[in-house]
Amino acid sequence: VFRELRQADVIHCHQQHVLMSSIAAAWARLTGRRVFVSDLGGGGWDISAYVSTDPWFHGHLHLSEYSRRICGHQNNSRAHVIGGGVDVQKFSPAPRTASGGDVLFVGRLLAHKGVDDLIQALPQGMSLRVVGPEPEADTGARLRELARGKDVTFLHHLDDASLVREYQRALCVVLPSVYRMADGRHTPVPELLGQTLLEGMACGIPAICTRVASMPEVVHEGVTGCIVPPNDPPALAERLAWLRAHPDDVARMGAAARRHVLDRFTWPTVVSRCLAQYEAASKRLARPSTVVSTRAAQS
């Protein structure tokens, strides 16, 4: 790892609250290198549980305004939003059929993703395709029982090409994440961005999300899709039925969604934002800049 780090004058860590990032930050400070961090969610054992490591980084580069806020960085002059990106060549539109398509969910089948609400909301005569890694046995059994009598298909282990086709053929992509889960548990951080919304929008379909966490930063109500209250299957059902009944609006929103991604959420745009923050940091080293990601260094 240190062999890789020694080759860089800028280090970008892809998760703050893990030991490797704290080690990389401390080492970068001692050796005069610039060090930045993005919070991608999760974490592990780290000294940041005992002492704040925020000052160790020259910049905190967040996925969303929501991420910056929950990290307490609203007034931190070193905290900036770089957003997230989509491969817009791979995730791209295909010719649409007049009949529209299925409702689509893509993601891990975890309680805070709100898949329970989506299954309950599915209007009569509409079909839902649930794409994601195979869940734990009890979760899968519960969701399949909830879906009994409805047109719901669960798809696991899809390759990238198959995933793109699911987006392209869908009526809309839905991410109904919640703070309060069906079993009564609560999570303060359900989504730091909403990547599957961006992937679907890049494929030219509208997005539906809940008014939760970062997602209203991604979806523009009535323009690129719809935003509904969390834990509200009737409200979600109403928007799904409305999309089915308004194919012209679906086409308009899908086109706007694609433009929105092209304007704000491409990887070149994210890279440019990162480079701007690297450049804006205090004095750079004299040698030509080389950037190393601690994610790559650990692989």
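Residues numbered from 1 in each chain as written. Predicted model: local features only at pLDDT ≥ 70, side-chain atom pairs only at ≥ 80, totals over all residues. Heavy atoms only, no water.

**Description of the overall build of the protein chain**
Counting secondary structure elements, the protein chain contains 12 helices and 11 strands. In summary, the protein chain has a C-alpha radius of gyration of 21 Å against a globular reference of 19 Å for 299 residues, a match within 12%. Taking the principal axes of the C-alpha coordinates as reference, the protein chain spans close to 65 × 40 × 35 Å. Counting all 299 residues of the protein chain, 53% fall into the buried class. About 14000 Å² of surface is accessible on the protein chain, with carbon and sulfur atoms providing 54% of the total. (Helix = DSSP H or I, 4+ residues; strand = E, 2+ residues; numbered from the N terminus. Rg over C-alpha atoms; globule rule 2.2 N^0.38 Å. Buried < 20%, exposed > 50% of the residue type's maximum accessible area, 1.4 Å probe, protein only. Areas by Shrake-Rupley, 256 points an atom, 1.4 Å probe, with all protein chains shown as cover.)

**Describing helix H6 (residues 160-169)**
Along H6, the residues classified as buried are Ser162, Leu163, Val164, Glu166, Tyr167 and Gln168. The inward-facing, buried residues of H6 abut strand E5 (103-106), strand E6 (127-131), strand E7 (151-155), strand E8 (172-175) and helix H7 (195-202). (Contact = heavy atoms within 4.5 Å.)

**With respect to the pattern of salt bridges**
Inspection of every chain in the model, using the stated rule, returns 12 salt bridges. Between arginine 142 and aspartate 116 there is a salt bridge, with its nearest N and O atoms 2.1 Å apart. On the criterion of sequence distance, the pair formed by arginine 142 in helix H5 (residues 137-146) and aspartate 116 in helix H4 (residues 115-121) is long-range, its members being 26 residues apart. Taking relative accessible area as the criterion, arginine 142 reaches 38% and is therefore assigned partly exposed. In this structure aspartate 116 comes out as buried when scored by relative accessible area, which is 9%. As a salt-bridge pair, arginine 185 and aspartate 183 come within 2.7 Å of each other at their nearest N and O atoms. Judged by its relative accessible area of 49%, aspartate 183 falls in the partly exposed class. Bridged by salt links that share partners, the residues Asp102, Arg129, Glu166 and Arg169 form one connected network. (Salt bridge = Lys/Arg side-chain N within 4 Å of Asp/Glu carboxyl O.)

**Section: a nonpolar patch on the surface**
A cluster of nonpolar side chains, contributed by Val1, Phe2, Leu19, Ile23, Trp45, Tyr50 and Val51, occupies part of the molecular surface with about 700 Å² of accessible area. Here leucine 19 is to be found in helix H2 (residues 19-30). Residue class for leucine 19 comes out partly exposed when judged on its relative accessible area of 34%. (Patch = residues over 30% accessible without salt bridge, like charges linked within 9 Å, V, L, I, M, F, W, Y side chains within 5 Å.)

**Let's talk about the packing of aromatic side chains**
Within this structure, the stated rule accounts for 4 aromatic pairs. With 6.4 Å between their ring centres and 55° between their planes, tryptophan 45 and tyrosine 50 make a pair best called tilted. Tyrosine 50 matches tryptophan 45 in its accessibility class, with the two residues each being exposed. We note arginine 144 situated over the ring of phenylalanine 154; from NZ or CZ to the ring centre the distance is 4.5 Å. When the ring centre of tryptophan 242 is taken as origin, the NZ or CZ atom of arginine 239, which lies over that ring, is 5.1 Å away. (Phe/Tyr/Trp six-rings, centres within 6.5 Å; stacked < 30°, edge-to-face > 60°. Lys NZ or Arg CZ within 6 Å of the ring centre and 35° of its normal.)

**Some points on H7**
Counting buried positions along H7 yields 7 of 8 residues, so the element is predominantly enclosed. By the burial criterion, the buried members of H7 are Thr196, Leu197, Leu198, Glu199, Gly200, Met201 and Ala202. Against E5, H6, E8, strand E9 (207-210), helix H8 (215-218) and helix H10 (247-264) lie the buried residues of H7. Just downstream of H7 lies glycine 204, where phi reads positive at about 85°.

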